[in-house]
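A closer look at the structure
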Amino acid sequence: MRTVHYHSREHYRDKVFPGPFYSRQKALNVNREWSRWYDYLSVPAYSCSTTEYFAGRNACAVFDLTPMTKHRIGGPDALPFLNRLVTRDVARIKPGRVGYAVWCNDEGQVIDDGTIFHLREGDYRLCSQEHQIDWLMINALGFDVTIVEDTHDVAGLAVQGPTSCAVLKRMGLAGVENITPFGIDFFDFEGTELTVSRTGYTGDLGYELWIDPGHAEILWDRVFEAGELHNIRPMGSDALEMLRIEAGFILAAEDFMPAMQTVRPSHTRSPFELGLGWLVDFNKPLFNGRKALLTEKENGSRYALVKLDIEDNKPANHSYVFDMKEKNIGWVTSAMWSPSAKKNIALATVEAPHGKVGEEMQVEIYYQRELKWSRIMARAKVVKDAFWDPPRRRQTPPADY
Amino acid sequence: MIRGSRSIQIIGAGHNGLVCAAYLARAGHQVTVFEASSQVGGAAITREFAPGFKVSAAAHLVYMLDPGIEKELDLASHGLEYARTGLQTISLSEAGDHVRFNGDDVDGVSEGDREAMREYRRKMQHFAGIIGGLHNRVPARLGTTDRPDLLELARLAFNIRRLGKNDMREFLRIAGINIYDVLQELFENDALKGALGLDGTLGTMLGTRSNNSVFCALHRYSNGGRYQLPKGGMGTVSNALANAARAFGAEIHTARPVNRILMDFDRATGVELQSGEQIEADLVVSGADPKTTFLKLLGAQNLEAGFAHKISNIRTRGNVAKLHLALGSVPDFTGLDPALSAERLVIAPSLQYVEQAFNHAKYGEHSRRPVMEISIPTLDDPGLAPAGKHVLSANVQWAPRELKGGWSAAHEAFTESVMNTLERFAPGICSQVMHRELLTPQDIESEFRIEGGHWHHAELALDQSMMMRPVPGTAQYKTPVDGLWICGAGCHPGGGVMGSAGRNAARAIIERSGT
Amino acid sequence: MKKHDAIVIGAGHNGITNAAFLAKAGLDVLLVEKNDYIGGATVSRNLHEDWIYSNCSYVCSLLRPEIYRTLDLAKYGLQVVPYGGTVTISQNGDYLGSYIDHDVSRREMARHSHRDADADVRYWRDIMRQCRFIRQFLLRTAPDPASFKPRDLLELLHIGRKFWGLGENVIYDTMRFYTMSISDFLDEYFENPLIKAAHAGSGIIGSALGVMSPGTAYVLLHHAMGDVDGTVGSWGFARGGMGAISKAMHDCYIDHGGQTLAGSGVDQIVVKNGKVTGVALENGDEHHADIVVSNMTLPRTFLECMDPADLRPEFLDKCRNFKIRGSSGKLNIALDGVPKFTALRDNQELMYTDMHLIDSIERLERAYDDWKDGTWSRDPYIDMLIPTLTDPTMAPPGKHFMSVFVQYVPPKVKGKDWTDADRDAFGQTVMNQIEAYAPGFKDLVVHAEVRTPRELENEVGLTEGNIFQGELTMDQLLFNRPIPGYAQYRGPVKGLWMCGSSNHPGGGVMAAPGANAAREILMSLRKPSNVPEGWLDD
């Protein structure tokens, strides 16, 4: 394998690089198709995205999340730094816990969302979709913190689905079943430390495994050896996309525009407008966007991000949303037929004051049958809960399947 | 709470802090001023620099002090007195072909230049009126639909329209460009152009060929542009302001440096002094420069990050050094009538000279042949020095705050090049010197606690002016932190011992701080 | 003699565009050109054996796509091939590449500064905001803020609305952007000197300002606001050289019945009883029309080609004070092969791009100090391209044409006119500079054409060699361009119009001044306008 380094002067010779699990992925990727996720090769589907999706809902699916942007944040002011950065109260994320968070600019517009891992007292990992080092360094002014982007130094593997706990137990990770949702534990693994968090992007039982890249291949091997009896499969990004929409999770640059790259200022969104008001804690005296968000809370938001349950079965990708009087009130940002919920589902942005739970709308769907295009106006209803939210997601210890 | 009964703390007894204190006290508030130094005045003080020799240690001429403030606070009755007003400007020439001017009246140039001067002065005064008309206004916010903001902008548009078609066009043409091009269009005499060009660059990180220098000149002329010498030095102005403030009931504590601004939840609630004493107040007003206020006294960690980033981006590169000479006798400037030595003497013999002096500053070097603005106050105000002795005070530039290699290594060499420059215009002056002091921007920074040692607290540039001064979001004197206001030269309309920032801040606090 | 509806002076791209729109609207148009070739500064010249040089302008991005489409330039043979990326080569043997691929570019910047690589996203967001704002006004006539005419007031209101619509924060960003120096502006984003230098070059190209002069951030915008096929900020080669653009425009013009007279310059614009009546050529011929449109620079039009008695003295003063100082030179070089830049090693991909020799803000600014001092930069900033790596039509196979744009070069040397010896010495300075980065370069040189502001003025008519027909500073932009009160293409004499880059929105091969002037002329004739005004949400 080529050993060109991302930071070497010769990096341009390859536009994209094999990740730490590459040799294993390559053997299993019978489609021989690769996509790019920043600097890394990523697999859209190893053989069949439907099969991979169902592995995630029925057994165990494994996804390489190494390319996710990761930062290590430490130093005496790590907590106050993070607390000024994100809208939620980070003090409530205790050591050994993970918290979902969103961060805004001064105008209260979302820059990105991600997860904060409180690994050990005062030692944090921040995972995000977009690169954040510029904003983090801007935020560092006045704080005694160390911030290092360590994306390339940590390999990440998501092990998701109803048999995922059984797989990890069989691997010999003693006590892994005791990790509660959003919990973290550490294990000795082949002479190094394996970090396991009960987190994921599937809305189901699942874990994420973090290890130094030198141990990535052996980790993969151990996971798959243990998984053999538990119907394990590798999963590509296409299947993951289906899982996250069912779970009602939003995706940057898909369901909202990150403020740092939005040219048209009005095209950004606040946490309230993304349905993330629960992450905004005004009991904190200060965080980026606090003043603007207080004003928004008083005066109302411009948009709402809603989950739609749509009639009919044709996916509503890129559809316009209308109210019952045919007035255009928004558009769909993510959509699919949900194989698990057996519903036609979508995430959509609608203008205020629309978007209340139970509100009826119409979605204009274009669909094609044997190259002939048709258009229907399908009725849709705003729903409150995720389209897929099984009890096993929260059960500790989880069952074996 | 009843209007006019709040407890208000003011950080810094610089002239803007004192003006703000006076107006707030006049409105009935309980005002307490904390000053780090042992005397009031900030950068407008008189102090001894050699035994028996006193000098205005930073600012040395009054030319922008708002006449309204002088009158409203009745500074004359509080001790403000001028040793002389209406100083002429002499542009010195090594050969002795000096150019003297005062208003439209020019001496030592061609008839064509005389006429050009009349037209230039008329135009510049007219345009400076537009700038000056904004001094006593709280800047409007843009992009809002708030009535007061829109009215304020309509007023500005009306004032520009009122210039008449030709002058309006000319104003819109030159307001943003460089003074070199404007002067080259009009004049031929080098010394005249040099001195007028200097007006566009004094106190800034601009050369005469840098765009924005016309704006700086207009700013300088915006309160009439008459040079005045306060009797007893600049400290007299500050003392008068302090007396006025006290007369309205303000308390002024000197030698009590503020350590930090206290916060309770999301609100400023008072100050902690260096002594450790914590004192609460309803409002805190900072006369310190914006970087000191927000990044040191408050701390970036107490601000939203975007705002803190903007504050950290404010350009505060000071570039003027201050020379103080104790002289045994009056220096003899080649070819200059001794009677004229008391005027405002400038060393800026040509635009090219000024520009070359500036070139060094761009690269973190000091000028090899600096430009200077000189005053010998003892000729009109003998009390500043022992009998028969004199004081020379000069602004010298460019001396960039961030000097390659640092100031401690270069201080002596720079002083030498300043003295050599003086010697060329006043042969023998070096031998008249009994004592000398040169304050670099670094010295000014530490003595007067001004970040960057910058006259205006923040570079006076179009992108840091009006509703963008010091940064958008706090240009109306109110800061993003509830209970904290700013009133220093870093705010609109800038420094220059004008007092307008202090008065505007007081007005904004009285009108907008709510009840 | 026959009377035309309109005479257009100067067959540069704006003159031809103007003439083409007028001809397309049914006017009988005569286009006169002093050179025996058309194109002005948008030209392909065969000056040595089988080489074709784009010997003035050399890349294409600003050409308004609305004009491209309306004049159907593709039909008349124009092809613009985008090229990707740039490279900025440092003296220390390293370089900063920028690639079409976003991730590769990010990694390349990260190689120099991790933080800057991410800050680049914020930087381009802010630049694109400014591009979006300015692009809407390129194909519109600027209003006169001193006028009370309904049309001006409405246009002012239109601009005011757009401005207000940016929202409070972006309004401040915009005001700051227009008044800042590119150097200060970049300091708000980047920390690495090479990255800053790579971004700063665009702030001074064609400009008589240094990177530390306030106002240069706008100049950068002027180079970033163009697009190729909707990709804002990207640049392309006109296949066959820049002359392919003027040729296609001219073919369109001829196709719509236009006539062109090349080979004799205008001696004088003839005015009788306060109205223009036509032009007198240097060869003695006179041609008549009630409308005369000048594509020449402002000083050339009014100070050289008109009788001062026909103009008011104050207007002439303003023409004399018009700032049009040249600041750049150009070497057009025929090469025997592709030069090897030591720093690039074997990175071939970057040879296809826009190559810059610079590595710090300080070097850029010092280059400007030389210009202020009246000489060409001893350590010049160089912007080079080898179009023949992309375009197979401009040199024999294996041979290459290299376009070398150089800054700074003064209009006069220490106050004196350029001499041939000065020109050759300048040429050597540039050759040596390139040789220092690419040893062996000089041995590859088969032929070189060295152009100083003198050559640009004498051959192409660009006064003082200013490539934008007038500096792009606040006093000469929008309603101030070229002269306050005359920013709507209408000259000071009845029937006289101006369509060159001296007018809004200025220089670069944009063709907008020519098109805007045509719209104004047609409106004055009460004819329907055939000139496009820009696309929605572009």
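Given the structure is predicted, the values throughout are model-derived calculations rather than measurements. (Residues numbered from 1 in each chain as written. Chains lettered and ligands numbered in written order. Predicted model: local features only at pLDDT ≥ 70, side-chain atom pairs only at ≥ 80, totals over all residues. Heavy atoms only, no water.)

Moving on: the packing of helix 1 (residues 13-24) of chain C against helix 17 (residues 512-524) of chain C. All names here are of chain C. As a packed pair, helix 1 and helix 17 sit with axes 7 Å apart at the nearest point and diverge in direction by 35°. Here the hand of the crossing between helix 1 and helix 17 comes out right-handed. Contacts from Asn14, Thr17, Asn18, Phe21 and Leu22 of helix 1 reach helix 17 at Ala512, Pro513, Gly514, Ala515, Ala517, Ala518, Ile521 and Leu522. By residue class, the composition of the contact of helix 1 with helix 17 is 9 nonpolar, 4 polar and no charged. (Axes fitted to C-alpha atoms, helices over the stretch in contact; angles between N-to-C directions. Helix = DSSP H or I, 4+ residues; strand = E, 2+ residues; numbered from the N terminus. Left-handed = near helix turned anticlockwise from the far one by under 90°. Contact = heavy atoms within 4.5 Å. Nonpolar A, V, L, I, M, F, W, Y, C, P; charged D, E, K, R; others polar.)

Right, let's talk about the domain arrangement of chain A for a bit. Residues and elements named next belong to chain A. If you check the domain split of chain A, you get domain 1 (11-66 + 154-247) and domain 2 (302-387). On a C-alpha basis, the centres of domain 1 and domain 2 stand 31 Å from each other. Each partner contributes residues to the interface: domain 1 has 8 residues there, and domain 2 has 11 residues. With both chains or domains summed, domain 1 and domain 2 bury close to 750 Å², and 64% of this area falls on carbon and sulfur atoms. (Domains from an automatic or database assignment. Buried area = accessible area lost by both parts, 1.4 Å probe.)

This part covers the interface of chain C and chain A. Between chain C and chain A, the contact holds 29 residues from the first and 31 residues from the second. Summing both partners gives a buried area of about 2,700 Å² for chain C against chain A, and 47% of it is carried by carbon and sulfur. Among the residues of chain C in contact with chain A, Arg107(C), Arg115(C) and Asp118(C) are the three that bury the most area, contributing 24% of the side total. Applying the counting criterion to the chain C and chain A interface returns 9 salt bridges. Asp134(A) serves as the salt-bridge partner of Arg115(C), at 3.9 Å between the closest nitrogen and oxygen. Counting every contact that joins chain C to chain A gives 21 residue pairs in polar contact (both at pLDDT 80 or more). If you list the elements that add at least two residues to the side of chain C that touches chain A, you get helix 3 (102-112), helix 4 (114-135) and helix 6 (168-179) of chain C. (Salt bridge = Lys/Arg side-chain N within 4 Å of Asp/Glu carboxyl O. Polar contact = N/O pair within 3.5 Å; in protein donor to acceptor, adjacent residues only side chain to side chain.)

Next up on the list: the sheet that holds strand 6 (residues 110-120) of chain A. All names here are of chain A. Judged by pairing direction, the sheet is antiparallel, and its 5 strands sit side by side in the order 5-6-7-4-8 without closing on themselves. What marks the edges here is a single partner per strand, and that holds for strand 5 (97-104) and strand 8 (146-149). Strand-to-strand twist of the sheet, defined as the mean angle between neighbouring strand axes without regard to direction, takes the value 25°. Of the pairings in the sheet, the one linking strand 4 (residues 69-74) to strand 8 comprises 4 bridges and is antiparallel in character. Paired with Gly74 across the two strands is Thr146, which belongs to strand 8. (Pairing = 2+ DSSP bridges.)

Taken together, Lys165(B), Lys149(C), Lys275(C), Arg490(C) and Lys494(C) make up a surface patch of like positive charges. Looking at Lys149(C), the relative accessible area reads 54%, which means it is exposed. (Patch = residues over 30% accessible without salt bridge, like charges linked within 9 Å, V, L, I, M, F, W, Y side chains within 5 Å. Areas by Shrake-Rupley, 256 points an atom, 1.4 Å probe, with all protein chains shown as cover. Lys, Arg positive; Asp, Glu negative; His and termini not counted. Charge placed at Lys NZ, Arg CZ, Asp CG, Glu CD. Buried < 20%, exposed > 50% of the residue type's maximum accessible area, 1.4 Å probe, protein only.)

Attention shifts here to empty space enclosed by the protein. Residues and elements named next belong to chain B. Taken as a whole and judged by the stated rule, the model has 9 cavities of 30 Å³ or more. Of the volumes computed, that of the largest cavity is approximately 80 Å³. In terms of lining, the largest cavity is formed by Leu134, Arg137, Pro139, Ala140, Glu152, Leu153, Leu156, Met466, Met467 and His492. A total of 3 residues in the lining of the largest cavity trace back to one element, the largest contributor, which is helix 4 (residues 147-161). Residue composition of the lining of the largest cavity, by class: 7 nonpolar, 1 polar and 2 charged. When residues of the lining of the largest cavity are sorted by domain, at least three fall in each of domain 1 (7-42 + 234-315 + 456-512) and domain 2 (111-222). (1 Å grid on protein atoms, 1.4 Å probe; cavity = no way out; pocket = protein on both sides within 12 Å on 5 of 7 lines; lining within 4 Å. Points joined across faces, edges and corners; volume = space filled by probe spheres on them.)

All right, on to the pairing of strand 2 (residues 30-34) of chain B then. Residues and elements named next belong to chain B. Most of strand 2 is tucked away: 4 of the 5 residues are buried. One ladder, built from 5 bridges, connects strand 1 (residues 7-11) with strand 2; its direction is parallel. Bridged to Gln9 within strand 2 is Thr32. Note on the crossover from strand 1 through helix 1 (residues 15-26) to strand 2: the handedness is right-handed. Relative to strand 10 (residues 251-253), strand 2 runs parallel, the two sharing 3 bridges. Pairing of Phe34 across the sheet is with His253, part of strand 10. (Right-handed = clockwise from strand over helix to strand, strands pointing away.)

Before going further, it helps to examine the side chain of Asp112(A). Residue and element names in this part refer to chain A. Secondary-structure assignment places Asp112 in strand 6. Arg244 provides the closest opposite charge to the buried, salt-bridge-free Asp112, at an N-O distance of 12 Å. Engagement of the side chain of Asp112 in a polar contact is seen with the side chain of Gln132, the distance being 3.3 Å.

Okay, the side chain of Ser341(B) next. With respect to the element layout, Ser341(B) can be found in the loop between strand 15 (321-327) and strand 16 (344-347). For Ser341(B), the residues in contact, after removing those within four places along its chain, are Val330(B), Pro331(B), Leu336(B), Ile376(B) and Leu379(B).

What follows is about the sheet that holds strand 12 (residues 206-211) of chain A. All names here are of chain A. Across the sheet, which stays open at both edges, the 6 strands sit in the order 10-11-12-9-3-13 with mixed pairing between neighbours. Sheet topology places strand 10 (184-189) and strand 13 (232-234) at the edges, where each strand pairs with a single neighbour. The average undirected angle you get between the axes of adjacent strands in this sheet is 25°. Relative to strand 13, strand 3 (residues 60-64) is paired through 3 bridges, and the arrangement is parallel. From the neighbouring strand, Ala61 faces strand 13, where its bridge partner is Arg233.

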